[in-house]
Amino acid sequence: MPSTNSQLTNPDPFIVNKQQCEAIICSFLQGQGFDLKVIDSRNDADLQAAKAGHKLLIETRGNQAMAHDANTVFDSTQIGVHLAEQIQLMMKLYEHIDDRTVLAIANPDTPRIRQQVERLNKALSDLKIVRFWVQKDKMTVTAEYPESLAERMRQLGL
């Protein structure tokens, strides 16, 4: 169910829908020298980014639907459903990737989403799933990843 952001006990500090999140991630990765391909399929990652023989498969989400008005956001239950959908897709893709492919989820860096992701950090790290976070300025992206991916991510400029 949607919620009115301004009426939440702890309102989201900024609002980004899935398409905006995707565009911000694309811009960020292109700026890092990646070639991007946007995928329009429910059975594949939203974005494929390639650089130096490596590939990132990225599933994006936001905290608002495109059809919502400016002050309407997903409630915490829907955010949990979206995170579960992201992880389910990563698990499906995991079955078919090679050692040069990295899986990633991307979300706005809001406390409600971050809190839910942090509950799963160990599992996400064990599965080598990168977490991209769109920041409040809607231009900056940060990446979190397990130590096992640190060298590869540095090589890729992330």
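Residues numbered from 1 in each chain as written. Predicted model: local features only at pLDDT ≥ 70, side-chain atom pairs only at ≥ 80, totals over all residues. Heavy atoms only, no water.

(A) Inspection of the overall build of the protein chain at higher detail. Across its full length, the protein chain holds five helices and eight strands. Scanning the protein chain from its N terminus toward the C terminus, one meets helices and strands in the order β-α-β-β-β-β-α-β-α-α-β-β-α. Computed over its C-alpha atoms, the radius of gyration of the protein chain comes to 15 Å, within 12% of the 15 Å expected for a compact globule of 158 residues. Principal-axis analysis of the C-alpha atoms gives the protein chain an extent of 45 × 30 × 30 Å. Put simply, the protein chain has 158 residues, and 46% of those count as buried. Of the contacts made within the protein chain by residues no fewer than 6 positions apart, 61% connect residues no fewer than 24 positions apart. In the form shown here, the protein chain has an accessible surface area of approximately 8300 Å², with 49% of it arising from carbon and sulfur atoms. (Helix = DSSP H or I, 4+ residues; strand = E, 2+ residues; numbered from the N terminus. Rg over C-alpha atoms; globule rule 2.2 N^0.38 Å. Buried < 20%, exposed > 50% of the residue type's maximum accessible area, 1.4 Å probe, protein only. Contact = heavy atoms within 4.5 Å. Areas by Shrake-Rupley, 256 points an atom, 1.4 Å probe, with all protein chains shown as cover.)

(B) Just the nonpolar core, in detail. Grouped together as the largest cluster of nonpolar side chains are 24 residues, with contacts concentrated most on Ile 25, Leu 29, Leu 56, Ile 58, Phe 132 and Leu 158. Only helix 1 (18-31), strand 3 (47-51), strand 4 (54-60), strand 6 (101-108) and strand 7 (129-134) provide two or more residues apiece to this core. In terms of residues, this core owes the most to one element, helix 1, which gives six residues. Of all hydrophobic cores here, the second largest spans 16 residues; its members include Phe 74, Ile 87, Met 90 and Val 117. (Core = buried A, V, L, I, M, F, W, Y, C linked by side-chain atoms within 4.5 Å.)

(C) Structural detail: the sheet that holds strand 7. Reading across the sheet, the six strands line up as 2-3-4-6-7-8 and stay open at both edges, with mixed pairing between neighbours. On the outer flanks of this sheet lie strand 2 (35-38) and strand 8 (141-144), each paired with one strand and no other. Averaged over neighbouring strand pairs, the angle between their axes works out to 25° when direction is ignored. In this structure, strand 3 lies alongside strand 4, joined through five bridges in antiparallel fashion. Looking at strand 4, one finds that Lys 51 is bridged to His 54. Packed on one face of the sheet, helix 2 (residues 76-94) meets strand 4, strand 6 and strand 7 and runs near 170° to strand 6. Its contacts with the sheet put helix 3 (residues 111-118) on strand 6, strand 7 and strand 8, and the angle it makes with strand 7 is roughly 170°. (Pairing = 2+ DSSP bridges. Axes fitted to C-alpha atoms, helices over the stretch in contact; angles between N-to-C directions.)

(D) Layout of the pairing of strand 8. Bridge analysis of strand 7 against strand 8 gives four bridges, and the strand direction is antiparallel. Bridge pairing links Phe 132 to Ala 143 in strand 8.

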